[in-house]
Amino acid sequence: MNRSREKAASELFAALYPRLAGWVRRLVDDDETAHEIASEAFTRLWARWTAVAEPRGFLYVTAANLVRDHWRKLERERRAVRRATTEAAVTPPPEQADPSVRLLVQSLPERLRVPILLHYYADMPIREVSVLTGRKEGTVKADLHTARELLRAHLRRSLDHTL
Amino acid sequence: MITHSDDGPEYDPDDPLTVIMRPPAEYLGAPPGRYEAIRRGASRRRMLRAAAGAAVTCGVAALIVLPLRLTASEGHGSPTVPLAPPPASSPSTPPHRPATPEPSSPDPSQDRRTAETGAAPTTTPTRRPAANDRPSPSASAAETVTRVPSMQPSAARTGTASTPSAADRRR
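Residues numbered from 1 in each chain as written. Chains lettered and ligands numbered in written order. Predicted model: local features only at pLDDT ≥ 70, side-chain atom pairs only at ≥ 80, totals over all residues. Heavy atoms only, no water.

Regarding helix H3 (residues 55-84) of chain A
Residue and element names in this part refer to chain A.
Stage number 1. Over its 30 residues, H3 extends 43 Å from the first C-alpha to the last, a length consistent with the 44 Å expected when each residue adds 1.5 Å.
Stage number 2. All of the buried residues along H3 are Pro 55, Gly 57, Leu 59, Tyr 60, Val 61, Thr 62, Ala 63, Ala 64, Leu 66, Val 67, His 70 and Trp 71.
Stage number 3. Where H3 starts, the residue carrying a side-chain oxygen 3.2 Å from the main-chain nitrogen of Arg 56 turns out to be Glu 54. (Helix = DSSP H or I, 4+ residues; strand = E, 2+ residues; numbered from the N terminus. Expected span 1.5 Å × (residues − 1). Buried < 20%, exposed > 50% of the residue type's maximum accessible area, 1.4 Å probe, protein only. Polar contact = N/O pair within 3.5 Å; in protein donor to acceptor, adjacent residues only side chain to side chain.)

Encoded structure:
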């Protein structure tokens, strides 16, 4: 029993960790932070292993929340530095490697972000997403559609700014 | 609400949105020993959570049980109440109250002390008033009279009045 659980955990780690950590790295642009966030997501999963029905979805949603917290922390630090230094010598942080994924996590409301992450990033079919989120399949489809529309509008705006 | 299919014509490959939706091709391998470290951390966290849960449960149980036990121990102290007058003879007590107090105990402070210290001296005050009021009837006679108060009201009054008066004063 214990050995089989350990084996399942090991297989899950081998299958999901590299992909999750890679996705996080695209968001935070730092290997060490990406490893920290992915590890924390796995730690939280295994700390409540029996209570989690769908580990893949849990990992992605947890990682997305941790990434959001990381961004907030960075923003607070940036503001503090700006306040502390009178000179405007502080250069703005470089734009992260893939702003589109960051946009996905940052701009969407929680209700729309979770189905997008589960469906597109965790490769979960709509039926599984509906079971995990407790929403009807039709509602999940509508949420995905709304999220796509929102993202499209965001992208259009950012493209207009760059041109 | 109108639902839309999530892989329809609105999802064409030229759309910049497709780039966002495309699952990440990047992989970041776990450093050596990371798996074991995560497992250790998770089990430590699980144990902490279990300990915290047990502590909270014990605290709640103590909060529930302690007041109950305290009230129960107060309830054990109450058996001194039977010293009060028996309900059967209650109608006869009021008229004789003023008659009995003086002879029952010459020194009330002593009586109080004895009542506080122990239950053994309780027999002496009950006998005394009976002897002062009525010399002829014995204690056993008084007891028999109290059982049937309607037959001999005077005996019942004296017999029963002596006991409650002593008890009252002890209080």
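Notes on the pattern of salt bridges
All names here are of chain A.
Stage number 1. Enumeration according to the criterion identifies 13 salt bridges over all chains in this entry.
Stage number 2. Put simply, Arg 113 and Glu 110 hold a salt bridge, and the shortest N to O gap is 2.7 Å. Here Arg 113 pairs with Glu 110, and both are found in helix H5 (residues 110-121), just three residues apart, close to one helical turn.
Stage number 3. Relative accessible area serves as the criterion here: at 4%, Arg 113 is assigned to the buried category.
Stage number 4. The partly exposed category is assigned to Glu 110, whose relative accessible area is 40%.
Stage number 5. Bridged by salt links that share partners, the residues Arg 68, Asp 69, Glu 110 and Arg 113 form one connected network. (Salt bridge = Lys/Arg side-chain N within 4 Å of Asp/Glu carboxyl O.)

Some thoughts on the UniProt feature "transmembrane region" (unreviewed entry) in chain B
Stage number 1. The positions that UniProt labels "transmembrane region" (unreviewed entry) are, in the present scheme, residues 48-68 of chain B.
Stage number 2. Strand forms 0% of residues 48-68 of chain B and helix 100%; the C-alpha atoms that close the span are 30 Å apart. (UniProt positions renumbered as here; feature names shortened; annotations may be inferred.)

Some thoughts on a negative patch on the surface
Residue and element names in this part refer to chain A.
Stage number 1. A contiguous patch of negative charge, built from Asp 29, Asp 30, Glu 32 and Glu 36, is present on the exposed surface.
Stage number 2. Position of Glu 32 among the secondary structure elements: in helix H2 (residues 31-47).
Stage number 3. On the accessibility criterion, Glu 32 (46% relative accessible area) is partly exposed. (Patch = residues over 30% accessible without salt bridge, like charges linked within 9 Å, V, L, I, M, F, W, Y side chains within 5 Å. Areas by Shrake-Rupley, 256 points an atom, 1.4 Å probe, with all protein chains shown as cover. Lys, Arg positive; Asp, Glu negative; His and termini not counted. Charge placed at Lys NZ, Arg CZ, Asp CG, Glu CD.)

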